[in-house]
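These are the residues of each chain, in order.
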Amino acid sequence: MYSLSLPVFLTIEENVTDNLLFELQKKFEDISQKKIIILTSKGNYDRFSLKFKKFQQEVLNFKLYFVEDSSYDVAVDIAKKISIEDYDYVIGFGGGKILDTAKYAAYVSKKKFISIPTVLSNDGLASPIAVLKTIEGKRKSFGCKTPDGILIDIGIIKNAPDTLLMAGLGDTLSNYTALYDWKLEDNNKDSGINDFAYLLSDTALNMLLNSKETNIREINFVRQLAQSLVLSGLAMDIAGNSRPCSGSEHLFSHSLDENYEIDAPHGLKVALGSLVSCILQNRNYKNIIEFLNRYGIDISPLSLGITKEIFVGAWMKAQATRPERFTVLNTIDLTEDYLEEIYYEIMEVLN
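Below: a short report on this structure. (Residues numbered from 1 in each chain as written. Predicted model: local features only at pLDDT ≥ 70, side-chain atom pairs only at ≥ 80, totals over all residues. Heavy atoms only, no water.)

1. Regarding the packing of helix 11 (residues 248-259) against helix 14 (residues 308-316)
Turning to step 1, where the next piece is worked out: Between helix 11 and helix 14, the least distance of the axes is 8 Å, while the angle of their chain directions is 115 degrees. The hand of the helix 11/helix 14 crossing is right-handed. Residues Ser248, Glu249, Phe252, Ser255 and Leu256 of helix 11 pack against Ile310, Phe311, Gly313, Ala314 and Trp315 of helix 14.
Turning to step 2, where the next piece is worked out: Looking at the contact of helix 11 with helix 14 residue by residue, the class counts come to 6 nonpolar, 3 polar and 1 charged. (Axes fitted to C-alpha atoms, helices over the stretch in contact; angles between N-to-C directions. Helix = DSSP H or I, 4+ residues; strand = E, 2+ residues; numbered from the N terminus. Left-handed = near helix turned anticlockwise from the far one by under 90°. Contact = heavy atoms within 4.5 Å. Nonpolar A, V, L, I, M, F, W, Y, C, P; charged D, E, K, R; others polar.)

Okay, here's the thing in structure tokens:
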């Protein structure tokens with residue numbers, strides 16, 4: 001039977017990392033006496049050096065480790081170090097690549113993991129999945145476990161680049177087509193749907209779709225985005241898989257990652273995928289366009305570096321990236337001509 005493991009705490013406050021040890025002691029009373037390793041990047045250390053130095057002064061057994069590459073091999077090597085040197089807590093402080101590396105290293109070494117994101121670009125900050133590079137730099141999703149604690153500093157997040165905040169919005173937006181594909185699978189294969197996981201994913205989506213706030217840096221909106229991404233992560237944990245937040249739109253993104261070199265945020269790629277999936281699902285995408293326009297999110301293929309040929313090729317190869325996953329792609333006969341028609345249609349509605 002699948003074992004559910006929800007976080008011990010979730011804290012979303014402004015400047016909460018200014019007194020990091022104090023905040024962590026609220027949840028783990030003995031943490032100052034434990035051996036702690038923080039995984040981050042040199043850039044994050046330079047940017048937040050005062051926070052790190054203060055924490056280092058307060059914790060006796062503390063190690064700072066700079067993650068230079070978010071690969072499976074690196075994560076396993078770090079897990080070995082954690083196990084051999086007997087660290088008790090692993091803290092990931094950074095963006096998605098740092099958090100995924102730290103999350104998987106903590107999972108392999110069976111240590112408590114605390115997630116402290118510096119950006120809100122995807123739901124990985126709270127999910128039981130780590131995306132790591134493997135052979136030839138290709139990215140692969142590995143199951144692990146949800147963080148034991150999540151600490152989100154709004155003061156840090158609201159100063160992140162616009163593109164990364166918009167990517168977070170795009171990743172939540174993808175729940176719209178992922179949930180449809182999940183129901184489609186159940187209707188065709190009687191696979192079963194976890195109603196509570198579905199509810200959390202749907203709530204995460206609607207929290208943003210129905211928001212009246214238009215300033216993505218406004219404190220309450222950043223809090224809403226953080227809550228939405230956490231709910232999506234927890235939905236996957238409860239479901240025991242990524243189906244509440246990953247459908248045909250994610251297969252498109254996986255195809256781009258595995259077959260082409262597209263340097264665009266994951267959240268923007270899956271948002272583009274959701275727009276196309278809506279068409280394939282024969283659904284109205286007006287609400288998606290309104291959402292994108294409200295926040296100035298540009299997912300035009302050309303702005304993401306996706307030519308018509310790459311667009312068509314990625315969709316033709318999408319199902320092969322996860323052949324066991326049932327989506328709308330299993331119910332239609334995709335052709336290059338049809339995909340070219342869709343390409344021109346979305347180019348028109350996005351411009």
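2. Digging into the pairing of strand 8 (residues 149-153)
Turning to step 1, where the next piece is worked out: Summarising burial for strand 8: 5 of the 5 residues are buried, a large majority.
Turning to step 2, where the next piece is worked out: Alternating positions in strand 8 separate into two faces, Gly149, Leu151 and Asp153 on one and Ile150 and Ile152 on the other, with burial throughout.
Turning to step 3, where the next piece is worked out: By the bridge criterion, 5 bridges tie strand 1 (residues 9-13) to strand 8 in an arrangement that is parallel. When the bridges of strand 8 are listed, glutamate 13 appears paired with aspartate 153.
Turning to step 4, where the next piece is worked out: The sheet contact formed by strand 5 (residues 112-117) and strand 8 spans 2 bridges and is parallel. (Buried < 20%, exposed > 50% of the residue type's maximum accessible area, 1.4 Å probe, protein only. Pairing = 2+ DSSP bridges.)

3. Describing a negative patch on the surface
Turning to step 1, where the next piece is worked out: Together, Glu336, Asp337, Glu341, Glu345 and Glu348 make up a negatively charged patch on the protein surface.
Turning to step 2, where the next piece is worked out: Note that glutamate 348 resides in helix 16 (residues 336-350).
Turning to step 3, where the next piece is worked out: Looking at glutamate 348, the relative accessible area reads 62%, which means it is exposed. (Patch = residues over 30% accessible without salt bridge, like charges linked within 9 Å, V, L, I, M, F, W, Y side chains within 5 Å. Areas by Shrake-Rupley, 256 points an atom, 1.4 Å probe, with all protein chains shown as cover. Salt bridge = Lys/Arg side-chain N within 4 Å of Asp/Glu carboxyl O. Lys, Arg positive; Asp, Glu negative; His and termini not counted. Charge placed at Lys NZ, Arg CZ, Asp CG, Glu CD.)

4. Quick word on the side chain of glutamate 249
Turning to step 1, where the next piece is worked out: By the secondary structure assignment, glutamate 249 is in helix 11.
Turning to step 2, where the next piece is worked out: Nearest to the buried, unbridged glutamate 249 among oppositely charged side chains is arginine 325, at 7.0 Å.
Turning to step 3, where the next piece is worked out: Setting aside chain neighbours within four positions, we find glutamate 249 in contact with Ser174, Thr177, Ala178, Asp181, Val270, Gly273, Ser274, Ser277 and Trp315.

5. Focus on the pattern of salt bridges
Turning to step 1, where the next piece is worked out: All told, the structure shown has 14 salt bridges when counted by the stated rule.
Turning to step 2, where the next piece is worked out: Notably, a salt bridge pairs glutamate 85 with lysine 81, separated by 2.9 Å at the nearest N-O pair.
Turning to step 3, where the next piece is worked out: For glutamate 85, a relative accessible area of 30% puts it in the partly exposed group.

6. Side note on helix 14
Residue pairs spaced three or four apart in an α-helix point in one direction, given the helix's 3.6 residues per turn.
Turning to step 1, where the next piece is worked out: For helix 14, the set of buried residues is Ile310, Phe311, Val312, Gly313, Ala314 and Trp315.
Turning to step 2, where the next piece is worked out: Among the structural elements, helix 11, helix 12 (266-280), helix 15 (318-321) and helix 16 are those in contact with the buried residues of helix 14.

7. A word on unusual backbone geometry
Most peptide bonds take the trans form, and the phi angle of most residues other than glycine is negative.
Turning to step 1, where the next piece is worked out: One non-glycine residue, aspartate 190, lies in positive phi territory at about 50 degrees.
Turning to step 2, where the next piece is worked out: Relative to the helices and strands, aspartate 190 is located in the loop between helix 8 (175-189) and helix 9 (195-209).
Turning to step 3, where the next piece is worked out: Backbone geometry places asparagine 282, a non-glycine residue, at a positive phi of 60 degrees.
Turning to step 4, where the next piece is worked out: Classification of asparagine 282 by relative accessible area gives exposed; the value is 72%.

8. With respect to the environment of valine 67
Turning to step 1, where the next piece is worked out: Relative to the elements of secondary structure, valine 67 occurs in the loop between strand 3 (62-66) and helix 4 (72-84).
Turning to step 2, where the next piece is worked out: For valine 67, a relative accessible area of 9% puts it in the buried group.
Turning to step 3, where the next piece is worked out: Valine 67 has contacts with Leu39, Thr40, Ile78, Ile98 and Thr101, leaving out every residue within four places of it along the chain.

9. Details of the pairing of strand 7 (residues 139-143)
Turning to step 1, where the next piece is worked out: Pairing geometry for strand 6 (residues 129-133) and strand 7, over 5 bridges, is antiparallel. By the bridge assignment for strand 7, isoleucine 129 is matched with glycine 143.
Turning to step 2, where the next piece is worked out: Once strand 6 ends, the chain turns through 5 residues before running back antiparallel as strand 7, passing glutamate 136 with a positive phi of about 55 degrees.

10. Overview of the sheet that holds strand 2 (residues 36-40)
Turning to step 1, where the next piece is worked out: The strand order 1-8-5-4-2-3 describes an open sheet built from 6 strands, whose pairing is parallel. Among the strands making up the open sheet, the edge pair consists of strand 1 and strand 3. On average, each strand axis in the sheet is inclined to that of its neighbour by 15 degrees, with strand direction left out of account.
Turning to step 2, where the next piece is worked out: Where helix 3 (residues 49-58) meets the sheet, its contacts fall on strand 2, strand 3, strand 4 (89-94) and strand 8, and the angle it forms with strand 2 comes to roughly 170 degrees.

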